[in-house]
Amino acid sequence: MNSDPAQTDFPVIQRVRHELRRRSLDVRTVSRLTPHMIRITLTGTDLADFTSASPDDHIKIFVPDADGSIARRDYTPRRYDTQAGELLLDFVDHPGGPAASWAQTVRPGDRLNIGGPKGSQVITGAIGHWLLIGDETALPAIGRRVEELSPDTPVTTVVAVPGPEDEQNFETLSHHIAHWIHRSLEHADDACGILARLENLEMPENTFIWVAAEAGVAKAIKQYFLQERHIPAQWIKASGYWVKGVSDASVKDVGAGA
Ligand SMILES: Cc1cc2nc3c(=O)[nH]c(=O)nc-3n(C[C@H](O)[C@H](O)[C@H](O)COP(=O)(O)OP(=O)(O)OC[C@H]3O[C@@H](n4cnc5c(N)ncnc54)[C@H](O)[C@@H]3O)c2cc1C
């Protein structure tokens, strides 16, 4: 366990700034990755100098809102190839919200304006094992991290999705153990399933815990590790990627308070 308070070689979250750029892209393909996930391939010469230094980076997408204004929402660059001029985004297909509605109705040939990433948080240090926990919205970042890991760093994932057909396979050189929790989208703010799975989960030395989910769920998970497993906060990064019942809401660091 990495709960020794004397331990000083904590991982470091290094903030890298990128020049903030807006890009105008074409939708090349729209496909249904799983029942609740829509994959959109974007293309364009604007992607020539696109950069994303960390799997949990985000871009802003600009989509029409119901009142005619432009809504901005955060999405993860799931995969990108600057030479091919291609960027993949995965959208959770949830009811309500301009971003989800855009993804449900967009067609090849449509355009999308994006901004960023304006920064990356690169996690470095003596990480011996990754534990990645989240819901559907975290799957793009989790998938990307699992795929980008080297063979010498094992990874465990614990992800809540509506059903078995929403599970995803990731190709990786790393040793990957995947745990899937099933609950409906309406119950995506219920942390119980994930917390129950964490109860007996082994925590090898120097495990870095990364969490992204509905804000209340992310907070419950962080509190569990701090209070029940006595993991130092430096080994945990937990974000609320959305807030149940609130539009355009996220919580960068869900904090440790009760
Ligand atoms: C750093 C970061 C990276 C992200 N990456 C991704 C990503 O790659 N793919 C992705 O799909 N999402 C991602 N998200 C989450 C996404 O930004 C939010 O889900 C966003 O609220 C969706 O916008 P919307 O316009 O569809 O809905 P909003 O207008 O924001 O919300 C409308 C209603 O829908 C609810 N809602 C929002 N999201 C969900 C959901 N996932 N399930 C059920 N109800 C929901 C809200 O609570 C609200 O009641 C990310 C968020 C952050 C902070």
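Residues numbered from 1 in each chain as written. Predicted model: local features only at pLDDT ≥ 70, side-chain atom pairs only at ≥ 80, totals over all residues. Heavy atoms only, no water.

Focus on the sheet that holds strand β11 (residues 155–161)
To be explicit about the condition: Here, strands pair whenever DSSP counts at least two bridges between them. Runs of H or I in DSSP of at least four residues are treated as helices and runs of E of at least two as strands, each being numbered from the N terminus. Axes here refer to lines fitted to C-alpha atoms; in helices the fit is confined to the stretch in contact. Angles between the N-to-C directions go from 0 to 180 degrees.
An order of β12-β11-β10-β13-β14 is seen for the five strands of this open sheet, with the pairing classed as parallel. For this open sheet the edge positions go to β12 (176–182) and β14 (236–242), each flanked by a neighbour on one side alone. Ignoring which end each strand starts from, the neighbouring axes of this sheet average 10 degrees apart. Pairing of strand β13 (residues 207–214) with β14, which is carried by six bridges, proceeds in the parallel orientation. Paired with Val 211 across the strands is Ala 238, a residue of β14.

So, the sheet that holds strand β7 (residues 86–92)
What counts, and what does not: The contact criterion used is simple: two residues touch if any of their non-hydrogen atoms lie within 4.5 Å.
In space, the seven strands of this open sheet follow the order β5-β4-β8-β2-β3-β7-β6, with antiparallel pairing throughout. Of all strands in the sheet, those with a lone pairing partner are β5 (70–75) and β6 (79–81), marking the two edges. Across the sheet, the mean angle from the axis of one strand to that of its neighbour is 35 degrees, orientation sign disregarded. For strand β3 (residues 37–43) and β7, the ladder comprises seven bridges, and the chain directions are antiparallel. Paired with Arg 39 across the strands is Asp 90, a residue of β7. Contacts from helix α1 (residues 98–105) reach β2 (22–34), β3, β4 (59–64), β5, β7 and β8 (111–115), with the element oriented near 75 degrees to β4.

Some points on the site of the ligand
As a reminder, the rule being used: Put simply, a residue is near a molecule or strand once any heavy atom of it comes within 4 Å of that molecule or strand. Any pair of N or O atoms that falls within 3.5 Å is considered a polar contact. Within protein, one atom must be able to donate a hydrogen and the other to accept it, and sequence-neighbouring residues count only if both atoms are side-chain atoms. Areas reported as accessible are Shrake-Rupley estimates using a 1.4 Å probe. Residue values count occlusion only from the protein chains shown. Domain ranges listed in this record stem from an automatic or a database domain assignment.
Close to the ligand lie 26 residues; Asp 74, Val 92, His 94, Val 243 and Asp 248 are nearest. Take Ser 247: an N or O atom from its side chain is 3.2 Å from an oxygen atom of the ligand. In the complex, the protein chains occlude 91% of the 910 Å² of accessible area that the ligand would expose alone. Among the elements of the structure, β5, β7, α1 and β14 are those that each provide at least two residues to the shell around the ligand. The residues that make up the shell around the ligand include at least three from each of domain 1 (15–119) and domain 2 (123–242).

Quick notes on the layout of surface pockets
Here is the rule: In this analysis, the protein atoms alone were mapped onto a 1 Å grid. Cavities are point sets where a 1.4 Å probe fits without being able to get out; pockets are open sets with protein on both sides within 12 Å along at least five of seven lines; lining residues have an atom within 4 Å of a point. Grid points are joined across faces, edges and corners, and a volume is the space filled by probe spheres set on the points. Note on residue categories: nonpolar means Ala, Val, Leu, Ile, Met, Phe, Trp, Tyr, Cys or Pro, charged means Asp, Glu, Lys or Arg, and polar means any other residue, Gly included.
Approximately 170 Å³ is the volume found for the second largest pocket. Taken together, Pro 55, Ile 123, Gly 125, Ile 127, Trp 130, Arg 145, Glu 148, Leu 149, Ser 150 and Thr 153 make up the full set of residues lining the second largest pocket. A per-class count over the lining of the second largest pocket returns five nonpolar, three polar and two charged.

Brief notes about empty space enclosed by the protein
Applying the stated rule across the entire model yields one cavity of 30 Å³ or more. Of the voids in this model, the largest cavity is the one considered here, and its volume is about 30 Å³. Along the walls of the largest cavity sit Thr 34, His 36, Met 37, Glu 136, Leu 139, Val 161, Asp 166 and Gln 168, which together make up its complete lining. Here the lining of the largest cavity is composed, by residue class, of three nonpolar, three polar and two charged.

A few points about the pattern of salt bridges
What counts, and what does not: Whenever Lys or Arg places a side-chain nitrogen within 4 Å of a carboxyl oxygen from Asp or Glu, that contact is recorded as a salt bridge.
Going through the model one piece at a time under the given rule, you end up with 17 salt bridges. Residues Lys 60 and Asp 74 are paired through a salt bridge, measuring 2.6 Å at the closest nitrogen-oxygen approach. One end of the pair, Lys 60, is in strand β4; the other, Asp 74, is in strand β5, and 14 residues separate them in sequence. Put simply, Asp 90 and Arg 78 hold a salt bridge, and the shortest N to O gap is 3.9 Å.

Examining the nonpolar core
Inside soluble globular proteins, nonpolar side chains tend to come together where they are buried. How we decide: By nonpolar core is meant a set of buried Ala, Val, Leu, Ile, Met, Phe, Trp, Tyr and Cys residues that side-chain atoms within 4.5 Å join together. Only protein chains enter the accessibility calculation, which uses a 1.4 Å probe; a residue whose area is less than 20% of its type maximum is buried, one above 50% is exposed, and one in between is partly exposed.
Grouped together as the largest cluster of nonpolar side chains are 44 residues, with contacts concentrated most on Ile 133, Ile 194, Leu 198, Ile 209, Trp 210 and Phe 225. For this core, the secondary-structure elements that each account for two or more residues are β10 (129–134), α2 (139–148), β11, β12, α3 (192–198), β13, α4 (215–228) and β14. Discounting chain neighbours no more than four positions away, the residues touching Ile 209 are Leu 131, Ile 133, Met 203, Phe 225, Ile 231, Trp 235, Ile 236 and Lys 237. With 21 residues, the next largest nonpolar core counts Leu 42, Phe 50, Ile 59 and Phe 91 among its residues.

Section: α4
Going by this rule: To estimate the expected span of a helix, subtract one from its residue number and multiply by 1.5 Å.
Here α4 spans 19 Å end to end across 14 residues, near enough to the 20 Å set by a 1.5 Å rise per residue. Among the residues of α4, those classed as buried are Ala 215, Val 217, Ala 218, Ile 221, Lys 222, Gln 223, Tyr 224, Phe 225 and Leu 226. Tucked inside the fold, the buried residues of α4 contact β10, α3, β13 and β14. If you check the start of α4, you find a side-chain oxygen 2.9 Å away from the backbone N of Gly 216, and it comes from Glu 214. In the segment just after α4, His 230 is the residue with positive phi, at about 55 degrees.

Observations concerning the domain arrangement of the protein
Selection rule: Defined in terms of a 1.4 Å probe, buried area is the accessible area two parts forfeit on being brought together, summed over both.
The domains assigned to the protein are domain 1 (15–119) and domain 2 (123–242). Computed from C-alpha atoms alone, the centre-to-centre distance between domain 1 and domain 2 is 23 Å. Contacts between the two partners involve 20 residues from domain 1 and, on the opposite side, 20 residues from domain 2. Taking both partners together, domain 1 and domain 2 bury about 1600 Å²; carbon and sulfur atoms supply 55% of that area. It is Pro 55, Asp 56 and Arg 78 that lose the most area in domain 1 upon contact with domain 2, and together they represent 40% of the buried surface on that side. At the boundary of domain 1 with domain 2, the tally comes to four salt bridges. Here Arg 145 and Asp 56 are joined by a salt bridge, their closest N and O atoms 4.0 Å apart. Counting across the domain 1 and domain 2 interface gives six residue pairs in polar contact (both at pLDDT 80 or more). Elements that contribute at least two residues to the side of domain 1 that touches domain 2 include exactly β2, β6 and β7. Among the residues forming the side of domain 1 that touches domain 2, the class breakdown is nine nonpolar, six polar and five charged.

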